[in-house]
Amino acid sequence: MATETVGAYEIDYSGVHMDDVDGWAAWVTIYGPSSNPMHRNSIVPAQRVAVEHVYASQAEAQAEARSVALAMIEENSARTAG
């Protein structure tokens, strides 16, 4: 699982091997700002994204999960700014 900080957000994203089919799924969790530095505030709980797609490699699944997480953050930032 990769972790990246984007502004005030922290994203965890990964490619998870699927047992029922030959391939990988994209998973993401997004944490937002928290008033307690010892507590991570999950604003998007761990979930599979791009559920209609199975990726050929873990790297492809991770790249898609990261892309989706960044789009979610951008959308949330635009909504709260407007």
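What comes next concerns the included structure.

**A word on the overall build of the chain**
Helix and strand counts for the chain come out as one helix and four strands. In the chain, the succession of helices and strands from N to C terminus is β-β-β-β-α. On the principal axes, the C-alpha backbone points of the chain span a range of 40 × 30 × 15 Å. The burial tally for the chain puts 30% of its 82 residues in the buried class.

**Describing helix H1 (residues 58-81)**
For H1, spanning 24 residues, the distance from its first C-alpha to its last is 34 Å, which sits close to the expected 34 Å at 1.5 Å a residue. Turning to H1, its buried residues are Ala-61, Ala-65, Val-68, Ala-69 and Ile-73. The secondary structure elements touched by the buried residues of H1 are strand E1 (2-6), strand E2 (9-18), strand E3 (23-32) and strand E4 (41-49).

**Quick notes on the nonpolar core**
In this structure, Ile-11, Tyr-13, Ala-26, Val-28, Ile-30 and Val-49 are the most contacted members of the largest nonpolar core, which totals 16 residues. Mapped onto this core, the elements with two or more residues apiece are E2, E3, E4 and H1. The greatest single-element share of this core, amounting to five residues, is contributed by H1. Dropping the residues within four chain positions of it, Ile-30 is found in contact with Tyr-9, Glu-10, Ile-11, Asn-41, Ser-42, Ile-43, Val-44, Ala-69, Met-72 and Ile-73.

**Quick notes on the side chain of Asp-12**
In this fold, Asp-12 is placed in strand E2. Overall, Asp-12 belongs to the buried group, its relative accessible area being 7%. Separated by 2.8 Å, the side chains of Asp-12 and Thr-3 make a polar contact. Not counting residues up to four positions away in its chain, the partners in contact with Asp-12 are Met-1, Ala-2, Thr-3, Trp-27, Val-28, Thr-29, Tyr-31 and Arg-40.

**Remarks on the environment of His-17**
By the element assignment, His-17 lies in strand E2. Classification of His-17 as partly exposed rests on a relative accessible area of 41%. Here the alpha-carbon distance between His-17 and Val-44, two residues 27 residues apart in the chain, equals 21 Å. Discounting residues that sit within four places of it in the chain, His-17 has contacts with Asp-22, Gly-23 and Trp-24.

**Digging into the sheet that holds E2**
Sheet architecture is open: four strands sit in the order E1-E2-E3-E4, paired in antiparallel fashion. Two strands lie at the open edges of the sheet, namely E1 and E4, each paired on one side alone. Ignoring strand direction, the axes of neighbouring strands in this sheet form an average angle of 20°. In terms of strand pairing, E2 meets E3 through nine bridges, oriented antiparallel.

About the cut-offs
Just so you know, the residues in each chain are numbered from 1, in the order the chain's sequence is written. With pLDDT at 70 or above as the cut-off, local features in this predicted model cover only qualifying residues; side-chain atom pairs require 80 or more to be listed or tallied, and sums for whole chains, interfaces and linings still use all residues. Only hydrogens and water are set aside when side-chain values are computed; all heavy atoms of the structure are taken into account. Think of it this way: any DSSP run of H or I at least four residues long counts as a helix, any run of E at least two long counts as a strand, and we number them from the N terminus. With a 1.4 Å probe rolled over the protein chains alone, any residue whose accessible area is under 20% of its type maximum counts as buried; one over 50% counts as exposed, and the rest are partly exposed. Helix span, expected: 1.5 Å multiplied by one less than the number of residues in the helix. Any two residues whose heavy atoms approach within 4.5 Å are treated as being in contact. Throughout, nonpolar core names a set of buried Ala, Val, Leu, Ile, Met, Phe, Trp, Tyr and Cys residues whose side chains join them through atoms within 4.5 Å. The definition of a polar contact used here is a pair of N or O atoms within 3.5 Å, where within protein one atom must be able to donate a hydrogen and the other to accept one, and adjacent residues in sequence count solely through side-chain atom pairs. Paired strands, in this sense, are two strands between which DSSP finds at least two bridges. Axis definition: a line fitted to C-alpha atoms, over the contacting stretch in the case of helices. Angles run 0 to 180 degrees between N-to-C directions.

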